[in-house]
Amino acid sequence: MNVNDFDFYLPESLIAQTPAAKRSESRLLVVDGMNLEDKHFYNITDYLHEGDVLVVNNTRVIAARLFGEKPETGAHVELLILKFEGTTAECLVGNAKVVKLGTELSFGGGKLKAICTKIGEEGIRFFDLIFEGIFLEVLDELGQMPLPPYIHERLEDKERYQTVYSEVAGSAAAPTAGLHFTEEILDQLKAKGVMIVPVTLHVGLGTFRPVKVDNIFEHTMHAESYFMTQETADVLNQARAEGRRIVAVGTTSVRTLETIMSEHGTFLETEDESKIFIYPGYEWKAVDAIITNFHLPKSTLIMLVSAFAGKAEIDHAYAHAVETEYRFFSFGDSMILTHKK
């Protein structure tokens with residue numbers, strides 16, 4: 001299977017640079033096989049039903065982009081924190097050639113220091129962090145919101161790159177399918193009898209790492225940390241036993257659910273890392289419908305939705321989205337997909 005099979009024409013003008021004026025007023029493409037409906041996201045309540053379980057990713061984006069220097073030379077360095085635990089961090093490094101083993105970097109005039117302890121692939125470096133106080137508070141002071149490189153506009157309200165249900169800090173990017181939800185829509189769904197449960201997957205390189213090989217079977221996913229509570233597991237297991245739908249918000253929720261089912265055969269309280277790579281031919285185990293944004297050409301995410309809804313169906317939906325000028329990527333519009341059996 002070739003990566004070019006998942007390419008498509010996308011005018012640059014359709015790459016959303018700013019969020020919709022109101023979260024729920026983004027557009028919604030309803031994809032049911034080859035049948036398409038053009039709606040707005042506030043219509044999502046019409047496509048979720050009593051007994052459905054809506055699974056949201058409650059991760060919260062951290063101010064993961066840091067600009068600092070190498071004190072001994074004054075060279076400027078940019079870090080994007082992919083993961084952190086305690087006083088260690090895994091980062092993508094801009095100007096990586098100046099960062100060698102043992103290199104010390106300084107941020108905010110020394111309020112945060114980072115010493116390189118390991119060099120990985122594709123510019124990834126591992127650092128020991130030196131700071132006083134609480135790390136997330138230091139990041140909030142020194143770091144910037146890690147908007148994707150294709151967004152060139154300034155984000156006026158940082159909360160617009162967070163979901164309204166974000167709780168657990170740790171992501172290097174937002175789970176963007178959830179950006180369309182409002183508290184009002186969530187309340188409407190609950191009143192309708194839709195159960196809403198969280199999982200946590202901290203978005204990192206696995207989600208947005210580009211596919212750089214022609215043969216997609218040679219692509220290796222980067223690990224991303226996830227967590228499921230027993231309460232969420234119980235709700236999902238009961239839904240499966242009763243034949244009720246599990247609707248995942250975003251590919252991160254999808255990957256969490258499918259990873260747990262693939263490894264354990266049931267939902268359970270667990271904390272681990274996901275490296276699952278889903279492409280056409282995948283045997284689905286957990287998810288019955290997906291709410292998602294429009295993804296980059298040749299990305300693992302468009303491969304995932306093609307595996308779920310059907311390759312021809314996704315090609316058809318994306319062609320329609322381009323023709324009718326839907327907005328693409330992180331701040332773009334959304335779609336709801338049903339599984340092609």
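Remember, it's a predicted structure, so these values are computed and weren't measured experimentally.

## Thoughts on the nonpolar core
In step 1: Judged by nonpolar contacts, the single largest core of 68 residues is most densely connected at Tyr-161, Leu-236, Leu-257, Phe-267 and Phe-328.
In step 2: Broken down by element, the residue count for this core peaks at 7 residues, all from helix 6 (residues 300-309).
In step 3: Setting aside chain neighbours within four positions, we find Phe-328 in contact with Phe-8, Leu-10, Leu-14, Ile-15, Ala-16, Phe-294, His-295, Tyr-318, Ala-321 and Val-322.
In step 4: Listed in part, the 27 residues of the second largest apolar core include Val-99, Ile-124, Phe-127 and Ala-172.

## Comments concerning the environment of Val-98
In step 1: Within the secondary structure layout, Val-98 lies in the loop between strand 7 (88-94) and strand 8 (104-107).
In step 2: Along the primary structure Val-98 and Ala-75 are separated by 23 residues, whereas in three dimensions their C-alpha atoms are 7.7 Å apart.
In step 3: Excluding its chain neighbours within four sequence positions, the residues that come into contact with Val-98 are Lys-70, Val-77 and Thr-103.

## A few points about the pattern of salt bridges
In step 1: Under the counting rule described, the total for this entry stands at 8 salt bridges.
In step 2: A salt bridge links Glu-78 to Arg-65; the shortest N-O distance between them is 2.6 Å. Of the two residues, Glu-78 sits in strand 6 (residues 75-85) while Arg-65 sits in strand 5 (residues 65-70), which places them 13 residues apart along the sequence.
In step 3: Ionic pairing is found between Arg-255 and Glu-224, a salt bridge with its closest N-O pair at 2.3 Å. Within this pair, whereas Arg-255 is found in helix 5 (residues 250-264), its partner Glu-224 is found in strand 13 (residues 224-228), the two being separated by 31 residues in sequence. In terms of burial, Arg-255 and Glu-224 fall into one category: buried.

## Comments concerning the pairing of strand 1 (residues 27-32)
In step 1: Pairing analysis gives 6 bridges linking strand 1 to strand 2 (residues 35-40), with the strands arranged antiparallel. Residue Leu-28 lies in a different strand from strand 2, and its bridge partner there is Lys-39.
In step 2: Taken together, the 4 bridges between strand 1 and strand 17 (residues 334-338) define a ladder with parallel strand orientation. Bridge assignment links Leu-28 to a residue of strand 17, and that residue is Ser-334.

## A word on the environment of Arg-60
In step 1: Within the secondary structure, Arg-60 is located in strand 4 (residues 59-61).
In step 2: Each C-alpha atom of the pair Arg-60 and Glu-167 lies 5.7 Å from the other, and the pair is 107 residues apart in sequence.
In step 3: Residue contacts for Arg-60: discarding those within four places in its chain leaves Glu-159, Gln-162, Ser-166, Glu-167, Val-168, Ala-169, Gly-170 and Ser-171.
In step 4: One polar contact links Arg-60 to Glu-159, side chain to side chain, over a distance of 2.5 Å.

## Considering the sheet that holds strand 12 (residues 195-201)
In step 1: Read from one edge of the open sheet, 9 strands run 2-1-17-16-14-3-12-13-15, paired in mixed fashion. Two strands in the sheet have a free side with no partner beyond their single neighbour: strand 2 and strand 15 (270-274). For this sheet, the mean angle separating the axes of adjacent strands, direction not counted, is 25°.
In step 2: When strand 12 meets strand 13, the two strands line up antiparallel, connected through 2 bridges. Each residue of the ladder has a partner; that of Leu-201, found in strand 13, is Tyr-226.
In step 3: Strands in contact with helix 7 (residues 311-323) are strand 1, strand 2, strand 16 (289-293) and strand 17; relative to strand 2, the strand with the most contacts, it is inclined by about 45°.

## A few points about the packing of aromatic side chains
Describing an aromatic ring pair means giving the distance of the ring centres and the angle of the ring planes.
In step 1: With the rule as written, the count across this model stands at 17 aromatic pairs.
In step 2: Aromatic pair Phe-277 and Tyr-279: ring centres 5.0 Å apart, planes at 70°, arrangement edge-to-face.
In step 3: Of the residues examined, Phe-277 reaches a relative accessible area of 15% and is grouped as buried.
In step 4: Three or more aromatic residues joined by ring pairs form one cluster here, namely Phe-8, Tyr-150, Phe-294, Tyr-318, Tyr-326, Phe-328 and Phe-329.
In step 5: The ring of Tyr-326 carries Arg-27 above its face, with NZ or CZ at 3.7 Å from the centroid.
In step 6: Seen from the ring of Phe-126, Lys-118 lies directly overhead, with NZ or CZ sitting 4.8 Å from the centre.

## Section: the state of the cysteines
In step 1: A complete count under the given rule lists 0 disulfides for this structure.
In step 2: Looking at the unpaired Cys-91, the closest cysteine sulfur is the one in Cys-116, lying at 9.3 Å.
In step 3: Accessibility expressed as a relative area gives 1% for Cys-91, which makes it buried.

## Regarding helix 1 (residues 135-142)
Given 3.6 residues to a turn, an α-helix orients residues that are three or four positions apart in the same direction.
In step 1: Those residues of helix 1 not exposed but buried are Phe-135, Val-138 and Leu-139. Projected onto a plane normal to the axis of helix 1, the buried residues spread over an arc of 100° and lie on a single side. In this structure, helix 1 carries Glu-137, Asp-140 and Glu-141 as exposed residues pointing more than 90 degrees from its buried face.
In step 2: In this structure, the buried residues of helix 1 make contact with strand 5, strand 6, strand 9 (112-119) and strand 10 (124-131).

## A word on the environment of Ile-62
In step 1: Take Ile-62: it is sitting in the loop between strand 4 and strand 5.
In step 2: Here Ile-62 falls in the buried class, since its relative accessible area comes to 4%.
In step 3: Separated by 20 residues in the primary sequence, Ile-62 and Leu-82 place their C-alpha atoms 9.8 Å from one another.
In step 4: Dropping the residues within four chain positions of it, Ile-62 is found in contact with Ile-81, Phe-84, Leu-136, Leu-139, Met-145, Pro-146, Ala-169, Gly-170 and Ser-171.

Cut-offs used in this document
Residues numbered from 1 in each chain as written. Predicted model: local features only at pLDDT ≥ 70, side-chain atom pairs only at ≥ 80, totals over all residues. Heavy atoms only, no water. Core = buried A, V, L, I, M, F, W, Y, C linked by side-chain atoms within 4.5 Å. Buried < 20%, exposed > 50% of the residue type's maximum accessible area, 1.4 Å probe, protein only. Helix = DSSP H or I, 4+ residues; strand = E, 2+ residues; numbered from the N terminus. Contact = heavy atoms within 4.5 Å. Salt bridge = Lys/Arg side-chain N within 4 Å of Asp/Glu carboxyl O. Pairing = 2+ DSSP bridges. Polar contact = N/O pair within 3.5 Å; in protein donor to acceptor, adjacent residues only side chain to side chain. Axes fitted to C-alpha atoms, helices over the stretch in contact; angles between N-to-C directions. Phe/Tyr/Trp six-rings, centres within 6.5 Å; stacked < 30°, edge-to-face > 60°. Lys NZ or Arg CZ within 6 Å of the ring centre and 35° of its normal. Disulfide = S-S within 2.5 Å. Arc of directions from axis to C-beta.

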